[in-house]
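Below are the chains, spelled out letter by letter.
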Amino acid sequence: MLKKIDKAESFVREHRQLFQCPVCSEPFVTVEDHHITCSKDHRFDLSKKGTLHLLMKPAQSEYTRNMLLSRQRIAQSGFWHPLLQAIRSVIKHPEGTLLDVGCGEGAHSAYLRGQGITGPIIAFDISKEGINLAAGSYEDVFFAVADLAHSPFASGQYDTILNILSPSNYSEFDRLLKKDGQVIKVVPNPDYLKELRALKKEKETPYSNERVVQKFEDHFDDVEKITITYTVDLFEDMVEDFMNMTPLGWHIDKEYEEIITKLNEVTVDLLILIGE
Ligand SMILES: [Zn+2]
């Protein structure tokens, strides 16, 4: 069996045109001996896990390994599957190139790979911990550490940009997208995780996605919206992982034990925005 690093090298060689140098935006011209080099001689090494680290400077991420492991267990329990099946059904070019922006620990892309997305999938995140965990857990997705603000991906090469519960950069999306490509963005609806919100003593202002949706609609000529709502049972051994996973579950001191006992289901209420 090919080592991960060799498999990754052949992926980059075959799909060199999907990348660009994060320093000078020139194409990568050579791929050899586990590194890639651009036409101005900037060089990046592939890691043993088969990932590329294309960040210009180390980024601080709020994601700890513990939190990422909780996210991974929640994802692997099937928590996101109804959402991902809905996304799968609207992807127009399953054989095309897919870029997963802000992929975290990589479970979404890995799941879609198993659902008949046959084209190359590149998933990236600014969190090196997230990408390490992703690359150690899943095959057949190319994982990279990168920053959407200085994105090391080539212009006009992507059929699908996936942006699940993660920040957007529309000018970058425009640059990266093919002419008939799609941006698929997922944002929370007001009832997202309402059971947890209700149990928290410190009440927050109700969440509204109005501004984010407006921005998306202003940007694309053709927007389709799909609401997806379902309830997930949280079994006892899942609650702590769940609380670790969502920022809504962080920094709760006094009522934490009470919430852990009382929270036995949550509503997943999300809006899928599809822009062309
Ligand atoms: Zn360069």
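Residues numbered from 1 in each chain as written. Predicted model: local features only at pLDDT ≥ 70, side-chain atom pairs only at ≥ 80, totals over all residues. Heavy atoms only, no water.

### Some details on the coordination of the zinc ion
Looking at the zinc ion, one finds its protein donor set to be C21 (SG), C24 (SG), C38 (SG) and H42 (ND1), positioned 2.1 to 2.3 Å from the metal centre. Each of the four donor atoms bound to the zinc ion contributes to angles spanning 102 to 114°, and the resulting shape is tetrahedral. Counting along the primary sequence, the residues that act as donors to the zinc ion give the motif C-x2-C-x13-C-x3-H. (Donors = N, O, S within 2.8 Å, 3.2 Å for Na, K, Ca; no water. Tetrahedral: all angles 85-135°; square planar, octahedral: opposite > 155°, others 65-115°.)

### Quick word on helix α2 (residues 65-76)
Compared with the 16 Å implied by 1.5 Å per residue over twelve residues, the 16 Å span of α2 between its first and last C-alpha is a close match. Taken together, the buried positions of α2 are M67, L68, S70, R71, Q72, I74 and A75. Tucked inside the fold, the buried residues of α2 contact α3 (81-90), α4 (107-113), α5 (128-137) and α9 (236-245). Downstream of α2 by a residue or two, G78 has a phi angle that is positive, lying close to 95°. (Helix = DSSP H or I, 4+ residues; strand = E, 2+ residues; numbered from the N terminus. Expected span 1.5 Å × (residues − 1). Buried < 20%, exposed > 50% of the residue type's maximum accessible area, 1.4 Å probe, protein only. Contact = heavy atoms within 4.5 Å.)

### Brief notes about the environment of T246
Mapped onto the elements of the fold, T246 is located in the loop between α9 and α10 (256-262). Along the sequence, T246 and M67 sit 179 residues apart, while their C-alpha atoms lie 9.0 Å from each other.

### Remarks on the UniProt feature "domain: Methyltransferase" (unreviewed entry) in the protein chain
Mapped onto this numbering, the UniProt entry gives "domain: Methyltransferase" (unreviewed entry) at residues 93-206. As annotated, residues 93-206 has a helix share of 26% and a strand share of 28%, and its two end C-alpha atoms lie 36 Å apart. (UniProt positions renumbered as here; feature names shortened; annotations may be inferred.)

### With respect to the sheet that holds strand β10 (residues 223-233)
Strand order in the open sheet formed by eight strands is β4-β7-β6-β5-β8-β9-β11-β10, and the pairing between neighbours is mixed. Strand pairing shows two members of the sheet lacking a second neighbour, β4 (52-53) and β10, which therefore form its edges. With three bridges joining them, strand β5 (residues 98-101) and strand β8 (residues 158-164) adopt parallel strand pairing. Bridged to D100 within β8 is L162. The strands touched by α3 are β8, β9 (177-188), β10 and β11 (265-275); relative to β10, the strand with the most contacts, the crossing angle is about 155°. (Pairing = 2+ DSSP bridges. Axes fitted to C-alpha atoms, helices over the stretch in contact; angles between N-to-C directions.)

### Focus: the sheet that holds strand β2 (residues 35-38)
Strands sit in the order β1-β2-β3 across an open sheet of three strands; the sheet is antiparallel. At either margin of the open sheet sits one strand with a lone partner, and together these are β1 (28-32) and β3 (43-45). Pairs of neighbouring strands in the sheet enclose a mean axial angle of 20°, with direction left out of account. In this structure, β2 lies alongside β3, joined through three bridges in antiparallel fashion. Its bridge partner being in β3, I36 is matched across the sheet by F44.

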